[in-house]
Amino acid sequence: MKQWEQYFRKVVPYVPGEQPNQPGMIKLNTNENPYPPSPKVKKAVEEFKTDNLRLYPDPASTVLTEALGKAYSLKNEQIFVGVGSDDVLATAFLTFFNSEEPILFPDITYSFYEVWAALYNIPYETLPLKEDFTIRKEDYYRKNGGIVIANPNAPTSLSLELDAVRDILEHNRESIVIVDEAYVDFGGESALSLLKEFENLLVVQTFSKSYSMAGIRIGYAFGAPSLIKALNDVKYSYNSYTMNQPSLYYGAEAVRDSDYHKEIIERIRKTRARTAENLCELGFTILDSRTNFLFAAHREVPAELIFEKLREKKIYVRYFKKPRIDNYLRITIGTDEEMAAFIDAVSGIIKTSILTNH
Ligand SMILES: *Cc1c(COP(=O)(O)O)cnc(C)c1O
(Lines give C-alpha, C1' and ligand atoms only; values in the text may rest on other atoms or scores of the structure.)
Protein backbone atom coordinates (compact mmCIF):
# COMPACT_ATOMS: atom_id res chain seq x y z
CA MET A 1 0.00 0.00 0.00
CA LYS A 2 1.31 3.43 -0.92
CA GLN A 3 1.70 5.89 1.92
CA TRP A 4 -1.01 8.17 0.59
CA GLU A 5 -3.60 5.46 0.12
CA GLN A 6 -4.50 5.50 3.79
CA TYR A 7 -5.88 9.00 3.22
CA PHE A 8 -8.12 8.04 0.33
CA ARG A 9 -11.82 8.37 1.01
CA LYS A 10 -13.02 4.77 1.09
CA VAL A 11 -16.42 4.29 -0.47
CA VAL A 12 -18.51 1.37 -1.67
CA PRO A 13 -20.22 2.86 -4.70
CA TYR A 14 -23.82 2.46 -5.74
CA VAL A 15 -24.26 -0.13 -8.49
CA PRO A 16 -26.76 0.94 -11.16
CA GLY A 17 -28.50 -1.59 -13.38
CA GLU A 18 -26.29 -2.74 -16.24
CA GLN A 19 -26.37 -0.68 -19.42
CA PRO A 20 -26.00 -3.29 -22.15
CA ASN A 21 -26.13 -2.12 -25.75
CA GLN A 22 -26.95 -5.05 -27.97
CA PRO A 23 -28.91 -5.14 -31.20
CA GLY A 24 -32.39 -6.50 -30.62
CA MET A 25 -32.23 -6.28 -26.85
CA ILE A 26 -35.27 -5.46 -24.73
CA LYS A 27 -34.15 -3.24 -21.88
CA LEU A 28 -36.49 -3.32 -18.89
CA ASN A 29 -33.91 -2.98 -16.11
CA THR A 30 -33.38 0.69 -15.26
CA ASN A 31 -36.89 2.16 -15.36
CA GLU A 32 -36.31 4.28 -18.44
CA ASN A 33 -39.33 5.53 -20.37
CA PRO A 34 -39.85 3.69 -23.69
CA TYR A 35 -41.26 6.76 -25.46
CA PRO A 36 -39.28 9.71 -26.86
CA PRO A 37 -39.21 13.05 -25.02
CA SER A 38 -41.72 15.73 -26.07
CA PRO A 39 -41.58 16.85 -29.73
CA LYS A 40 -40.98 20.33 -28.28
CA VAL A 41 -37.68 19.05 -26.91
CA LYS A 42 -36.76 17.68 -30.33
CA LYS A 43 -37.45 21.10 -31.85
CA ALA A 44 -35.37 22.84 -29.18
CA VAL A 45 -32.46 20.48 -29.84
CA GLU A 46 -32.63 21.23 -33.56
CA GLU A 47 -32.79 24.97 -32.96
CA PHE A 48 -30.09 25.19 -30.29
CA LYS A 49 -27.38 27.67 -31.30
CA THR A 50 -23.96 26.19 -30.68
CA ASP A 51 -22.54 29.69 -30.27
CA ASN A 52 -24.32 29.69 -26.89
CA LEU A 53 -21.80 27.09 -25.73
CA ARG A 54 -19.06 29.76 -25.61
CA LEU A 55 -20.58 31.17 -22.46
CA TYR A 56 -21.01 29.75 -18.99
CA PRO A 57 -24.59 28.73 -18.28
CA ASP A 58 -26.86 30.76 -16.01
CA PRO A 59 -25.81 29.55 -12.51
CA ALA A 60 -29.35 30.12 -11.21
CA SER A 61 -30.86 27.97 -14.00
CA THR A 62 -33.58 30.59 -14.37
CA VAL A 63 -35.16 29.31 -17.62
CA LEU A 64 -35.78 25.95 -16.06
CA THR A 65 -36.85 27.04 -12.57
CA GLU A 66 -39.31 29.49 -14.12
CA ALA A 67 -40.82 26.78 -16.32
CA LEU A 68 -41.08 24.44 -13.33
CA GLY A 69 -42.55 27.22 -11.20
CA LYS A 70 -45.22 27.90 -13.76
CA ALA A 71 -46.10 24.23 -14.18
CA TYR A 72 -46.25 23.48 -10.44
CA SER A 73 -47.48 26.91 -9.21
CA LEU A 74 -44.38 27.70 -7.15
CA LYS A 75 -41.99 30.62 -6.85
CA ASN A 76 -38.39 30.42 -8.08
CA GLU A 77 -37.22 30.62 -4.47
CA GLN A 78 -38.95 27.30 -3.80
CA ILE A 79 -37.13 25.39 -6.55
CA PHE A 80 -33.65 23.85 -6.73
CA VAL A 81 -32.36 22.02 -9.81
CA GLY A 82 -29.50 19.56 -10.14
CA VAL A 83 -27.84 17.02 -12.41
CA GLY A 84 -30.52 14.37 -12.04
CA SER A 85 -32.32 13.79 -8.77
CA ASP A 86 -29.27 11.80 -7.66
CA ASP A 87 -27.35 15.07 -7.60
CA VAL A 88 -30.24 16.87 -5.88
CA LEU A 89 -30.51 14.13 -3.24
CA ALA A 90 -26.73 13.97 -2.70
CA THR A 91 -26.67 17.76 -2.24
CA ALA A 92 -29.62 17.54 0.17
CA PHE A 93 -27.86 14.85 2.25
CA LEU A 94 -24.73 17.01 2.40
CA THR A 95 -26.72 20.14 3.25
CA PHE A 96 -29.29 18.94 5.77
CA PHE A 97 -27.97 15.83 7.50
CA ASN A 98 -25.35 17.03 9.94
CA SER A 99 -26.93 15.85 13.17
CA GLU A 100 -25.41 13.31 15.52
CA GLU A 101 -28.76 11.51 15.55
CA PRO A 102 -29.15 8.93 12.77
CA ILE A 103 -31.18 9.68 9.69
CA LEU A 104 -33.94 7.15 9.04
CA PHE A 105 -35.13 5.34 5.93
CA PRO A 106 -36.67 1.93 5.16
CA ASP A 107 -34.57 -1.23 4.89
CA ILE A 108 -35.86 -1.84 1.38
CA THR A 109 -35.65 1.31 -0.70
CA TYR A 110 -33.44 3.15 -3.18
CA SER A 111 -30.01 1.78 -2.29
CA PHE A 112 -28.26 5.06 -3.05
CA TYR A 113 -29.40 6.49 0.34
CA GLU A 114 -26.97 4.25 2.22
CA VAL A 115 -24.19 5.13 -0.17
CA TRP A 116 -24.56 8.90 0.34
CA ALA A 117 -24.88 8.45 4.10
CA ALA A 118 -21.62 6.49 4.12
CA LEU A 119 -19.89 8.95 1.76
CA TYR A 120 -20.74 11.93 4.00
CA ASN A 121 -20.30 10.07 7.31
CA ILE A 122 -23.95 10.55 8.20
CA PRO A 123 -25.13 8.13 10.89
CA TYR A 124 -28.19 6.23 9.63
CA GLU A 125 -30.61 3.55 10.65
CA THR A 126 -32.76 1.49 8.33
CA LEU A 127 -36.23 0.63 9.57
CA PRO A 128 -37.72 -2.64 8.33
CA LEU A 129 -40.79 -2.42 6.14
CA LYS A 130 -43.65 -4.68 7.18
CA GLU A 131 -43.92 -8.19 5.75
CA ASP A 132 -46.09 -6.81 2.92
CA PHE A 133 -43.43 -4.14 2.16
CA THR A 134 -45.52 -1.24 3.47
CA ILE A 135 -44.18 1.41 5.86
CA ARG A 136 -45.15 1.40 9.52
CA LYS A 137 -45.42 5.16 10.00
CA GLU A 138 -45.12 4.90 13.79
CA ASP A 139 -41.52 3.69 13.31
CA TYR A 140 -40.70 7.27 12.35
CA TYR A 141 -42.07 8.81 15.56
CA ARG A 142 -38.69 9.04 17.25
CA LYS A 143 -35.65 11.23 17.56
CA ASN A 144 -33.65 11.40 14.34
CA GLY A 145 -31.31 13.49 12.21
CA GLY A 146 -33.63 13.47 9.20
CA ILE A 147 -35.92 11.18 7.23
CA VAL A 148 -35.85 10.00 3.63
CA ILE A 149 -38.81 8.28 2.02
CA ALA A 150 -39.11 7.25 -1.61
CA ASN A 151 -42.78 7.57 -2.50
CA PRO A 152 -43.73 5.55 -4.45
CA ASN A 153 -40.97 3.31 -3.19
CA ALA A 154 -38.38 1.53 -5.30
CA PRO A 155 -38.01 -1.34 -5.91
CA THR A 156 -41.33 -2.28 -4.28
CA SER A 157 -43.46 0.03 -6.51
CA LEU A 158 -45.83 0.71 -3.59
CA SER A 159 -47.21 4.11 -2.73
CA LEU A 160 -47.63 5.52 0.77
CA GLU A 161 -50.88 7.48 1.15
CA LEU A 162 -50.57 11.21 1.66
CA ASP A 163 -52.13 11.07 5.14
CA ALA A 164 -49.28 8.85 6.31
CA VAL A 165 -46.71 11.25 4.85
CA ARG A 166 -48.46 14.11 6.64
CA ASP A 167 -48.43 12.10 9.85
CA ILE A 168 -44.70 11.49 9.60
CA LEU A 169 -44.17 15.22 8.98
CA GLU A 170 -46.33 16.16 11.96
CA HIS A 171 -44.29 13.90 14.24
CA ASN A 172 -41.00 15.31 12.94
CA ARG A 173 -41.27 19.08 13.02
CA GLU A 174 -37.65 19.29 14.21
CA SER A 175 -36.04 17.47 11.29
CA ILE A 176 -35.91 17.61 7.52
CA VAL A 177 -38.09 15.07 5.73
CA ILE A 178 -37.12 14.33 2.13
CA VAL A 179 -39.75 12.69 -0.06
CA ASP A 180 -38.17 11.23 -3.20
CA GLU A 181 -40.92 11.26 -5.81
CA ALA A 182 -39.06 9.88 -8.82
CA TYR A 183 -42.13 7.82 -9.79
CA VAL A 184 -45.00 9.92 -8.46
CA ASP A 185 -46.40 10.84 -11.90
CA PHE A 186 -47.27 7.20 -12.60
CA GLY A 187 -49.91 7.06 -9.87
CA GLY A 188 -48.58 8.23 -6.50
CA GLU A 189 -49.85 11.15 -4.40
CA SER A 190 -47.40 14.03 -4.34
CA ALA A 191 -46.45 15.70 -1.07
CA LEU A 192 -46.24 18.98 -2.99
CA SER A 193 -49.61 20.00 -1.51
CA LEU A 194 -48.07 19.77 2.00
CA LEU A 195 -45.38 22.39 1.31
CA LYS A 196 -47.65 25.19 2.57
CA GLU A 197 -47.90 23.52 5.98
CA PHE A 198 -44.43 22.09 6.46
CA GLU A 199 -41.27 24.14 6.24
CA ASN A 200 -39.20 21.00 6.91
CA LEU A 201 -40.37 19.17 3.77
CA LEU A 202 -38.28 18.71 0.63
CA VAL A 203 -39.98 17.08 -2.37
CA VAL A 204 -37.58 15.70 -4.98
CA GLN A 205 -38.57 14.79 -8.54
CA THR A 206 -36.80 14.01 -11.81
CA PHE A 207 -36.92 14.28 -15.61
CA SER A 208 -35.54 10.75 -15.92
CA LYS A 209 -38.71 8.68 -15.66
CA SER A 210 -42.06 10.31 -16.58
CA TYR A 211 -40.46 13.01 -18.78
CA SER A 212 -38.39 10.41 -20.61
CA MET A 213 -35.12 12.34 -20.32
CA ALA A 214 -32.80 10.14 -18.26
CA GLY A 215 -29.98 11.03 -20.65
CA ILE A 216 -30.18 14.77 -20.04
CA ARG A 217 -29.66 14.48 -16.25
CA ILE A 218 -32.07 16.91 -14.60
CA GLY A 219 -33.66 16.59 -11.19
CA TYR A 220 -35.34 19.18 -9.01
CA ALA A 221 -36.50 19.82 -5.48
CA PHE A 222 -39.42 21.83 -4.11
CA GLY A 223 -39.24 23.26 -0.63
CA ALA A 224 -39.41 26.33 1.58
CA PRO A 225 -37.16 29.21 0.39
CA SER A 226 -34.91 28.70 3.45
CA LEU A 227 -34.22 25.09 2.41
CA ILE A 228 -33.66 26.03 -1.23
CA LYS A 229 -31.23 28.75 -0.19
CA ALA A 230 -29.31 26.26 1.97
CA LEU A 231 -29.08 23.85 -0.99
CA ASN A 232 -27.85 26.63 -3.27
CA ASP A 233 -25.24 27.75 -0.73
CA VAL A 234 -23.80 24.23 -0.71
CA LYS A 235 -23.99 23.92 -4.49
CA TYR A 236 -22.17 27.25 -4.96
CA SER A 237 -19.52 25.96 -2.58
CA TYR A 238 -18.39 23.22 -4.92
CA ASN A 239 -19.60 23.99 -8.46
CA SER A 240 -21.65 26.99 -9.56
CA TYR A 241 -22.28 25.57 -13.02
CA THR A 242 -23.73 22.13 -12.50
CA MET A 243 -26.45 22.55 -15.13
CA ASN A 244 -25.30 22.80 -18.72
CA GLN A 245 -26.91 25.39 -20.97
CA PRO A 246 -28.70 23.09 -23.47
CA SER A 247 -30.27 20.94 -20.77
CA LEU A 248 -31.83 24.00 -19.14
CA TYR A 249 -33.64 24.81 -22.39
CA TYR A 250 -34.63 21.23 -23.18
CA GLY A 251 -35.94 20.67 -19.66
CA ALA A 252 -38.01 23.86 -19.82
CA GLU A 253 -39.57 22.74 -23.12
CA ALA A 254 -40.45 19.33 -21.66
CA VAL A 255 -42.19 20.90 -18.67
CA ARG A 256 -44.20 23.23 -20.92
CA ASP A 257 -45.63 20.27 -22.85
CA SER A 258 -47.88 18.89 -20.15
CA ASP A 259 -50.28 17.31 -22.68
CA TYR A 260 -47.55 15.08 -24.06
CA HIS A 261 -46.34 14.29 -20.54
CA LYS A 262 -49.84 13.12 -19.56
CA GLU A 263 -50.22 11.15 -22.76
CA ILE A 264 -47.10 8.98 -22.37
CA ILE A 265 -47.84 8.42 -18.67
CA GLU A 266 -51.32 7.18 -19.57
CA ARG A 267 -49.88 4.84 -22.18
CA ILE A 268 -47.45 3.39 -19.65
CA ARG A 269 -50.22 2.92 -17.08
CA LYS A 270 -52.32 0.99 -19.58
CA THR A 271 -49.42 -1.25 -20.55
CA ARG A 272 -48.66 -1.73 -16.85
CA ALA A 273 -52.20 -2.97 -16.16
CA ARG A 274 -52.09 -5.39 -19.09
CA THR A 275 -48.64 -6.71 -18.19
CA ALA A 276 -49.64 -7.22 -14.56
CA GLU A 277 -52.69 -9.19 -15.70
CA ASN A 278 -50.57 -11.36 -18.01
CA LEU A 279 -48.03 -12.04 -15.26
CA CYS A 280 -50.78 -12.99 -12.79
CA GLU A 281 -52.07 -15.53 -15.28
CA LEU A 282 -48.57 -17.01 -15.42
CA GLY A 283 -48.52 -17.52 -11.64
CA PHE A 284 -46.79 -14.32 -10.48
CA THR A 285 -47.67 -12.28 -7.43
CA ILE A 286 -47.48 -8.59 -8.28
CA LEU A 287 -47.41 -5.67 -5.87
CA ASP A 288 -49.82 -2.79 -6.53
CA SER A 289 -47.57 -0.63 -8.69
CA ARG A 290 -47.81 3.16 -8.74
CA THR A 291 -44.62 3.39 -10.80
CA ASN A 292 -43.38 2.56 -14.29
CA PHE A 293 -42.25 -0.90 -13.18
CA LEU A 294 -43.67 -4.04 -11.62
CA PHE A 295 -42.25 -5.90 -8.66
CA ALA A 296 -43.11 -9.53 -9.20
CA ALA A 297 -42.41 -12.95 -7.67
CA HIS A 298 -43.35 -16.29 -9.17
CA ARG A 299 -45.01 -18.85 -6.92
CA GLU A 300 -42.82 -21.74 -8.12
CA VAL A 301 -39.92 -20.64 -10.26
CA PRO A 302 -37.09 -18.71 -8.54
CA ALA A 303 -36.62 -15.11 -9.68
CA GLU A 304 -32.90 -15.55 -10.24
CA LEU A 305 -33.50 -18.35 -12.72
CA ILE A 306 -36.07 -16.32 -14.66
CA PHE A 307 -33.67 -13.36 -14.63
CA GLU A 308 -30.81 -15.48 -16.04
CA LYS A 309 -32.94 -17.13 -18.72
CA LEU A 310 -34.37 -13.79 -19.83
CA ARG A 311 -30.87 -12.40 -20.02
CA GLU A 312 -29.85 -15.21 -22.39
CA LYS A 313 -32.65 -13.99 -24.63
CA LYS A 314 -31.34 -10.42 -24.37
CA ILE A 315 -34.28 -9.33 -22.26
CA TYR A 316 -32.95 -7.37 -19.30
CA VAL A 317 -34.88 -6.96 -16.05
CA ARG A 318 -33.52 -6.11 -12.59
CA TYR A 319 -32.79 -8.72 -9.94
CA PHE A 320 -31.56 -7.84 -6.43
CA LYS A 321 -29.79 -10.64 -4.61
CA LYS A 322 -30.67 -9.12 -1.24
CA PRO A 323 -32.45 -10.39 1.86
CA ARG A 324 -36.27 -10.30 1.67
CA ILE A 325 -36.43 -9.40 -2.03
CA ASP A 326 -34.27 -12.10 -3.63
CA ASN A 327 -37.26 -13.84 -5.13
CA TYR A 328 -38.56 -10.73 -6.90
CA LEU A 329 -37.96 -9.24 -10.30
CA ARG A 330 -38.24 -5.54 -11.00
CA ILE A 331 -39.62 -5.16 -14.51
CA THR A 332 -39.72 -1.76 -16.21
CA ILE A 333 -42.79 -1.10 -18.34
CA GLY A 334 -41.73 -0.77 -21.98
CA THR A 335 -43.88 -0.43 -25.11
CA ASP A 336 -46.77 -2.83 -25.74
CA GLU A 337 -44.61 -4.70 -28.26
CA GLU A 338 -41.72 -5.06 -25.82
CA MET A 339 -44.01 -6.29 -23.08
CA ALA A 340 -45.67 -8.79 -25.41
CA ALA A 341 -42.24 -10.20 -26.29
CA PHE A 342 -41.32 -10.22 -22.60
CA ILE A 343 -44.50 -12.09 -21.60
CA ASP A 344 -43.90 -14.56 -24.40
CA ALA A 345 -40.37 -15.26 -23.19
CA VAL A 346 -41.38 -15.51 -19.53
CA SER A 347 -44.22 -17.85 -20.39
CA GLY A 348 -41.76 -20.18 -22.17
CA ILE A 349 -39.28 -20.05 -19.29
CA ILE A 350 -41.96 -20.83 -16.69
CA LYS A 351 -43.37 -23.76 -18.66
CA THR A 352 -39.98 -25.32 -19.36
CA SER A 353 -38.75 -24.92 -15.83
CA ILE A 354 -41.91 -26.38 -14.27
CA LEU A 355 -41.78 -29.32 -16.73
CA THR A 356 -38.12 -30.03 -16.03
CA ASN A 357 -38.53 -29.25 -12.32
CA HIS A 358 -36.12 -26.25 -12.74
C1 LIG B 1 -34.33 6.83 -10.78
C2 LIG B 1 -34.38 7.25 -9.34
C3 LIG B 1 -33.69 8.36 -8.88
C4 LIG B 1 -32.64 9.08 -9.67
O5 LIG B 1 -32.97 9.53 -10.84
P6 LIG B 1 -32.08 10.57 -11.65
O7 LIG B 1 -31.93 9.94 -12.98
O8 LIG B 1 -30.77 10.80 -10.95
O9 LIG B 1 -32.93 11.78 -11.66
C10 LIG B 1 -33.85 8.76 -7.58
N11 LIG B 1 -34.63 8.08 -6.74
C12 LIG B 1 -35.28 6.97 -7.13
C13 LIG B 1 -36.10 6.23 -6.15
C14 LIG B 1 -35.15 6.53 -8.44
O15 LIG B 1 -35.74 5.39 -8.81
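That block above? That's the structure.
Quick caveat, the model's predicted, so the values are computed rather than measured. Sequence order sets the numbering: in each chain, residues are counted from 1 along the sequence as written. Owing to the predicted nature of the model, reporting of local features is limited to residues with pLDDT of at least 70; listing and counting of side-chain atom pairs is limited to 80 or more, with chain, interface and lining totals taken over all residues. Computation of side-chain values covers all heavy atoms of the structure but excludes hydrogens and water.

Engineer: What exactly am I supposed to notice about the site of the ligand here?
Structural biologist: Neighbouring residues of the ligand: Gly84, Ser85, Asp86, Tyr110, Asp180, Ala182, Tyr183, Thr206, Ser208, Lys209 and Arg217. Each polar contact in these results corresponds to two N or O atoms within 3.5 Å; when the atoms are within protein, one needs to be able to donate a hydrogen and the other to accept it, and residues that are neighboring in sequence are counted only if both atoms are side-chain atoms. The contact in question runs from an oxygen atom of the ligand to an N or O atom on the backbone of aspartate 86, over 3.0 Å. Separating an oxygen atom of the ligand from a side-chain N or O atom of threonine 206 is a distance of 2.5 Å. We get accessible surface area from the Shrake-Rupley algorithm with a probe of 1.4 Å; when it comes to residues, only the shown protein chains can shield them. In isolation the ligand exposes 380 Å². Once the protein is present, 93% of that is buried. Top element by residues in the shell around the ligand is helix H3 (residues 84-96). It accounts for 3 residues. For the shell around the ligand, the class distribution of residues is 3 nonpolar, 4 polar and 4 charged. Proximity is defined per residue: if any heavy atom of the residue lies within 4 Å of a molecule or strand, that residue is considered near it. Counting from the N terminus, the helices are DSSP H or I runs at least four residues long and the strands are E runs at least two residues long. The nonpolar class holds Ala, Val, Leu, Ile, Met, Phe, Trp, Tyr, Cys and Pro. Asp, Glu, Lys and Arg form the charged class, and all remaining residues, Gly among them, are polar.

Engineer: Any chance you could explain the packing of aromatic side chains here in plain terms?
Structural biologist: Aromatic rings considered in pairs are described by the distance between their centres and by the relative angle of their planes. For this analysis, a ring pair means two rings from Phe, Tyr or Trp (six-membered ring only for Trp) whose centres lie within 6.5 Å, classed as stacked if their planes differ by under 30 degrees, edge-to-face if by over 60, and tilted for the remaining angles. Scanning the model with the defined rule gives 25 aromatic pairs in all. Residues phenylalanine 48 and tyrosine 250 carry aromatic rings whose centres are separated by 6.1 Å and whose planes lie at 75° to one another, so their mutual orientation is edge-to-face. A residue pair is termed long-range when its members are at least 10 positions apart, and phenylalanine 48 in the loop between helix H1 (39-47) and helix H2 (62-72) and tyrosine 250 in helix H7 (residues 245-256) qualify at 202 residues. The burial state of phenylalanine 48 is the same as that of tyrosine 250; both residues are buried. Judged by centre distance (5.6 Å) and plane angle (85°), the rings of tyrosine 110 and tyrosine 113 are edge-to-face. Think of it in three bands: residues with accessible area under 20% of the maximum for their type are buried, residues over 50% are exposed, and the middle band is partly exposed, with areas taken using a 1.4 Å probe on protein chains only. For tyrosine 113, a relative accessible area of 0% translates into the label buried. Three or more aromatic residues link up through ring pairs in this structure, and these residues are Tyr14, Phe93, Phe97, Phe105, Tyr110, Phe112, Tyr113, Trp116 and Tyr124. Our definition puts a charge over a ring when NZ of Lys or CZ of Arg is within 6 Å of the ring centre and also within 35 degrees of the ring normal. Here arginine 267 stacks its cationic end above the ring of tyrosine 35, 4.4 Å away from the centre of that ring.

Engineer: I would appreciate a short explanation of the packing of H1 against H7 in the present structure.
Structural biologist: The packing of two helices is summarised by the inter-axis angle and the distance between the axes. Lines fitted to C-alpha atoms define the axes here, with helix axes fitted over just the stretch in contact, and angles between the N-to-C directions of these axes take values from 0 to 180 degrees. Contact geometry of H1 with H7 gives a least axis separation of 8 Å together with a crossing angle of 155°. One element, H1, and the other, H7, form an angle in the roughly antiparallel class. Read as a crossing pair, H1 and H7 show a hand that is right-handed. Across the interface between the two elements, Lys40, Val41, Ala44 and Val45 from H1 touch Tyr250, Glu253 and Ala254 from H7. Within the contact of H1 with H7, the residues separate by chemical class into 5 nonpolar, no polar and 2 charged. Any angle that falls under 35 degrees is termed roughly parallel, while one over 145 is termed roughly antiparallel, one within 65 to 115 roughly perpendicular, and all others oblique. Crossings are assigned a handedness: left-handed for a near helix turned anticlockwise from the far helix by less than a right angle, right-handed for a clockwise turn. By the convention used here, residues are in contact when the closest approach between their heavy atoms is within 4.5 Å.

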